Amino acid sequence: MSEPAEKPSHDDGNLSARRSASTSAPILSAWRLILWTAALLGATVAVAVACTLVGVIGLSDITWEIWASRALRMLTAGIVGAGLAAAGLALQGLLRNPLAEPYILGISSGAGVGVLLGMAAAGWWAAPAWASTPVLAFAGASASCLAVYLVAQRHGRVDPYSLILSGVIVNTFNGALMLAGNLYIDRHRIADFAYWAMGQLPDATPMSLLGVCGACVAVGWAVLLANSAAYNVLGLGDDVAASSGVSVHRLRLVTFGAVGVMTAAAVALAGPIGFLGLIVPHICRMVFGPDHRLGMIIAPLGGAIFLMIAETLCRTVGPVVGISRVPVGIVTALCGGPFFIFLLRTRFRRAGQ
Amino acid sequence: MTPEVDILQATDIAFAYRPDEPVLRGVSLSAAPGRFTCLLGSNGSGKTTLLRCLMGQIEPASGAIRLDGKLLRDYRPRELARMLAYVPQLPASSLAFSAAEIVLMGRYAHTGPLGLAGPGDVAVAREAMKMTDTLDFADRMLDELSGGEAQRVMIARALAQQPSVILLDEPTSHLDIRHQLNIYQMMRRLAHDWPMAVVCVSHDVNLAARIADDLVLMRRGLVVAAGSPADVIRQDLLTQTYDVPVDLIPTPGDDVPMVRAK
């Protein structure tokens with residue numbers, strides 16, 4: 001009972017990276033998952049060590065403090081990169097939309113409004129920054145998640161183009177709020193804020209803030225990993241997923257919650273770094289296939305590696321072009337813009353139809 | 001032969017998307033293991049809405065749906081998925097998963113949080129693919145398959161849930177007549193051999209009449225008639241169901257005549 005293997009007549013708007021039949025991977029097993037985790041974890045540590053050493057190796061007058069601050073900055077880069085990449089992958093899976101990402105959907109700018117609010121109000125209240133910054137960032141991120149989703153959805157279904165458009169709207173609105181917030185910031189701190197708003201890893205992050213944000217990313221990632229099989233099934237459509245045992249509404253709520261927490265943590269640490277959550281999951285899919293279970297391990301570690309290298313590039317290239325510090329958000333956006341257009345022109349062509 | 005017990009029982013189901021436009025107005029339906037039931041009716045008669053109620057996707061405004069004696073709404077999603085599976089009208093396009101991976105997704109409700117397939121799950125999936133004749137292209141991507149092949153993969157995925165009931169929503173509406181027949185015969189065989197209750201929304205009255213064990217005719221949210229094809233394929237009932245005069249053309253060697261709109 002063999003059939004002619006004609007292509008389906010409708011040209012599908014290939015939403016995800018495509019593997020050819022000949023290279024189809026074997027069924028995902030626990031040991032393969034563990035193997036890749038170990039390999040990527042090893043690579044992440046290696047890159048972290050290498051990036052810490054770049055530019056200072058061979059110098060004799062390096063103090064312990066400089067080593068510590070460099071290592072800490074790599075740790076921050078790792079946490080931010082991992083959080084944004086995992087959040088991007090989860091959003092792309094949940095919304096079946098290859099362009100979904102915390103920055104594009106306005107979640108990062110929402111968190112940014114929260115952080116700015118904290119900065120503007122810093123003079124008036126006594127709450128410590130490690131507590132107030134992530135909480136305010138989370139409040140802003142959640143409000144933006146909710147706004148984007150409510151604007152884009154119609155009867156619980158989210159059209160890919162509406163989603164991007166509502167992201168643009170929320171981004172614009174949040175941008176205006178941030179500009180307004182600028183007016184209330186102490187003049188001496190406006191430069192700090194301007195750098196932060198471009199997406200920059202600070203020279204020194206308080207350990208308390210790093211601890212809280214690291215924990216947020218870790219917990220959010222664990223939640224997303226636990227739901228990663230559901231994103232696979234969701235690719236078959238809401239009805240099929242629900243009849244397979246996925247609680248679709250609960251999955252949306254939990255995913256947006258985890259993404260909000262992770263984005264808030266990343267933004268509280270390093271400002272709104274864009275497009276990382278878009279680029280890294282796509283590269284992972286191209287290399288490792290569409291399985292979200294493997295992706296949820298590969299993408300965060302890949303995101304950590306990506307941001308550590310990008311940050312090191314910024315620190316190394318900066319002095320060459322005459323700037324002591326290039327905000328890393330500029331580099332990710334310079335890579336991400338063309339990548340976005342590439343996705344729009346190739347993978348997304350007919351997805352909205 | 002042992003008496004068949006209805007595993008799925010819907011009693012007096014009413015549903016409306018908008019308060020003034022009832023879609024279902026008191027529908028009762030039952031399905032027993034070993035029976036292939038087709039839901040027929042004109043567009044907008046409420047077939048698909050009824051199917052969505054039976055899936056537990058929408059909650060009827062009144063009436064009760066029982067699955068294996070227990071109210072449908074008392075089932076938890078994973079528990080329900082081990083009892084009842086669904087095959088959509090169109091297989092999802094643009095998925096870069098292989099056919100085997102898609103079928104293994106049917107094991108979601110049987111596996112842990114990461115949905116990692118154990119040897120038992122792989123065996124179940126393999127058996128489901130054997131029954132649907134899809135093993136030959138287990139490694140091919142879903143979007144590289146023809147419509148008929150992809151739909152068989154979706155049926156294999158539903159079988160991998162090891163359900164007692166399978167619901168299908170016009171599974172052959174985009175297929176040619178050979179593959180329509182192929183899918184219907186396969187569903188009938190599965191219903192009888194598994195055995196399980198198969199309920200299929202159908203747009204093809206002749207195909208359904210030829211192959212189904214039971215037919216349910218629906219019109220404007222009500223059941224016009226239900227029973228064996230020989231009982232239900234009557235000029236008056238079909239004219240009423242489809243709001244168009246029909247002819248019945250006797251087909252030699254077949255109990256059920258062919259239906260044609262006048």
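Since this is a predicted model, take the numbers as computed values, not measurements.

### Observations concerning the overall build of chain B
- If you tally the helices and strands in chain B, you get 9 helices and 12 strands.
- Computed over the C-alpha atoms, the radius of gyration of chain B is 18 Å, within 12% of the 18 Å expected from 2.2 N^0.38 for a compact globule of 262 residues.
- For chain B, with 262 residues in total, the buried portion stands at 50%.
- The contacts of chain B with a sequence gap of at least 6 include a subset with a gap of at least 24, amounting to 66%.

### A short note on the overall build of chain A
- Counting its regular elements, chain A contains 13 helices and 2 strands.
- Of all intrachain contacts in chain A linking residues separated by at least 6 positions in sequence, the fraction that spans at least 24 positions is 82%.

### Section: the packing of helix α2 (residues 64-95) of chain A against helix α11 (residues 276-288) of chain A
Residue and element names in this part refer to chain A.
- The geometry of α2 relative to α11 is characterised by a closest axis approach of 8 Å and an angle of 70 degrees between their N-to-C directions. Classified by the angle between their axes, α2 and α11 sit roughly perpendicular to one another. Along its contact with α2, which presents Gly-81, Leu-84, Ala-85, Ala-87, Gly-88, Leu-89 and Gln-92, the element α11 presents Leu-276, Gly-277, Leu-278, Val-280 and Pro-281.

### Topic: the domain arrangement of chain B
Residues and elements named next belong to chain B.
- Looking at the assigned domains, one finds that chain B contains domain 1 (1-83 + 166-262) and domain 2 (85-162).
- Computed from C-alpha coordinates alone, the two centres of domain 1 and domain 2 are separated by 24 Å.
- Contact residues are listed per partner, giving 18 residues for domain 1 and 18 residues for domain 2.
- Listing elements by their share of the side of domain 1 that touches domain 2, those giving two or more residues are α2 (77-81), β7 (165-169) and α6 (177-193).
- Broken down by element, the residue count for the side of domain 1 that touches domain 2 peaks at 5 residues, all from α6.

### A short note on the nonpolar core
- The biggest cluster of nonpolar side chains holds 192 residues, and the ones touching the most others in it are Ala86(A), Met262(A) and Val103(B).
- The element that contributes the greatest number of residues to this core is α2(A), accounting for 14 residues.
- No fewer than three residues from each of domain 1 (1-83 + 166-262) and domain 2 (85-162) of chain B sit in this core.
- Discounting residues that sit within four places of it in the chain, Met262(A) has contacts with Gly83(A), Ala86(A), Ala87(A), Cys216(A), Val217(A), Gly220(A) and Trp221(A).

### Examining the environment of Asp121(B)
Residues and elements named next belong to chain B.
- By the secondary structure assignment, Asp-121 is in helix α4 (residues 119-131).
- Expressed as a C-alpha distance, the spacing of Asp-121 and Thr-111, which sit 10 residues apart in the sequence, is 8.2 Å.
- With sequence-adjacent residues up to four places away left out, Asp-121 is seen in contact with Leu-104, Arg-107, His-110 and Thr-111.

### Focus: the sheet that holds strand β2 (residues 21-31) of chain B
Residues and elements named next belong to chain B.
- Here we have 4 strands laid out as an open sheet, ordered β2-β1-β4-β5, and antiparallel in their pairing. Since the sheet does not close on itself, it has two edges, and those belong to β2 and β5 (70-71), each with one partner.
- In the sheet, strand β1 (residues 8-18) pairs with strand β4 (residues 62-67) via 5 bridges, with the strands oriented antiparallel. Residue Ala-10 lies in a different strand from β4, and its bridge partner there is Ile-65.
- Its contacts with the sheet put helix α1 (residues 47-55) on β1, β2 and β4, and the angle it makes with β1 is roughly 120 degrees.

### A few points about the sheet that holds strand β8 (residues 197-201) of chain B
Residues and elements named next belong to chain B.
- Taken in spatial order, the 6 strands make up an open sheet running β6-β7-β8-β3-β9-β10, and their pairing is mixed. At either end of the open sheet lies a strand with only one pairing partner, and these are β6 (84-87) and β10 (222-227). Strand-to-strand, the axes of this sheet are offset by a mean angle of 20 degrees, without reference to chain direction.
- As judged from the 5 bridges shared by strand β3 (residues 36-41) and strand β9 (residues 214-219), these two strands associate in the parallel manner. Bridging across to β9, Gly-41 finds its partner in Met-218.
- Where α6 meets the sheet, its contacts fall on β3, β7 and β8, and the angle it forms with β8 comes to roughly 155 degrees.

### A look at unusual backbone geometry
Residues and elements named next belong to chain B.
- Between Trp-194 and Pro-195 the backbone carries a cis peptide bond, its omega angle lying at -15 degrees.
- For Asp-133, which is not a glycine, the phi torsion comes out positive at approximately 60 degrees.
- Examined against the element boundaries, Asp-133 turns out to sit in the loop between α4 and α5 (147-160).
- Despite not being glycine, Arg-220 shows a phi value in the positive range, around 45 degrees.
- As for its position among the elements, Arg-220 is in the loop between β9 and β10.

### Let's talk about the confidence of the model for chain B
- Of all residues in chain B, 98% have pLDDT values of 70 or greater, and the mean over the chain is 91.
- Predicted complex metrics record ipTM = 0.91 and pTM = 0.88.

### Brief notes about α5(B)
Residues and elements named next belong to chain B.
- Look at α5: 20 Å from first C-alpha to last across 14 residues, which is about the 20 Å you get at 1.5 Å a residue.
- With 14 of its 14 residues buried, α5 lies for the most part within the structure.
- Positive phi appears at Gln-162, one or two residues downstream of α5, with a value of about 50 degrees.

### Some thoughts on the environment of Val122(B)
- The topology assignment puts Val122(B) in helix α4.
- Residue classification places Val122(B) among the partly exposed residues on the basis of 16 C-beta atoms within 10 Å.
- Residues Val122(B) and Val103(B), spaced 19 residues apart in sequence, show a C-alpha to C-alpha distance of 9.3 Å.
- Residues contacting Val122(B), with those up to four places away along its chain left out, are Ile27(A) and Ala117(B).

### With respect to the environment of Ala225(B)
All names here are of chain B.
- Note on placement: Ala-225 falls in strand β10.
- Taking C-alpha positions, Ala-225 is 8.9 Å from Thr-241, a pair spaced 16 residues apart along the chain.
- Discounting chain neighbours no more than four positions away, the residues touching Ala-225 are Leu-217, Val-232 and Leu-237.

Here is what the cut-offs are and how they apply
- As a convention, each chain's residues are numbered from 1 in the sequence order in which they are written.
- Going through the entries in the order they are written, you letter the chains from A and number the ligands from 1.
- Whole-chain, interface and lining totals are the exception, using all residues; otherwise, since this is a predicted model, local features are given only for residues with pLDDT of at least 70 and side-chain atom pairs are given and counted only at 80 or more.
- Counting from the N terminus, the helices are DSSP H or I runs at least four residues long and the strands are E runs at least two residues long.
- As a reference, a globule follows 2.2 Å times the number of residues to the power 0.38, and the radius of gyration itself is taken over C-alpha atoms.
- Note on burial: count the other C-beta atoms lying within 10 Å of the residue's C-beta; 20 or more is buried, 12 or fewer is exposed, in between is partly exposed, and C-beta positions come from the backbone.
- Note that contacts rest on C-beta atoms placed from the backbone: two residues are in contact if these are within 7 Å.
- Fitted lines through C-alpha atoms give the axes, limited to the stretch in contact for helices. The angle between two N-to-C directions lies from 0 to 180 degrees.
- Each angle receives one of four descriptions, namely roughly parallel if under 35 degrees, roughly antiparallel if over 145, roughly perpendicular if within 65 to 115, and oblique otherwise.
- Delimitation of the domains relies on an automatic or database domain assignment.
- Nonpolar cores are identified as sets of buried Ala, Val, Leu, Ile, Met, Phe, Trp, Tyr and Cys residues joined via C-beta atoms within 7 Å.
- Only strands joined by at least two bridges in the DSSP assignment are considered to pair.
- Within a predicted model, pLDDT stands for the predictor's per-residue confidence, ranging from 0 to 100.
- A helix is expected to span 1.5 Å multiplied by its residue count minus one.

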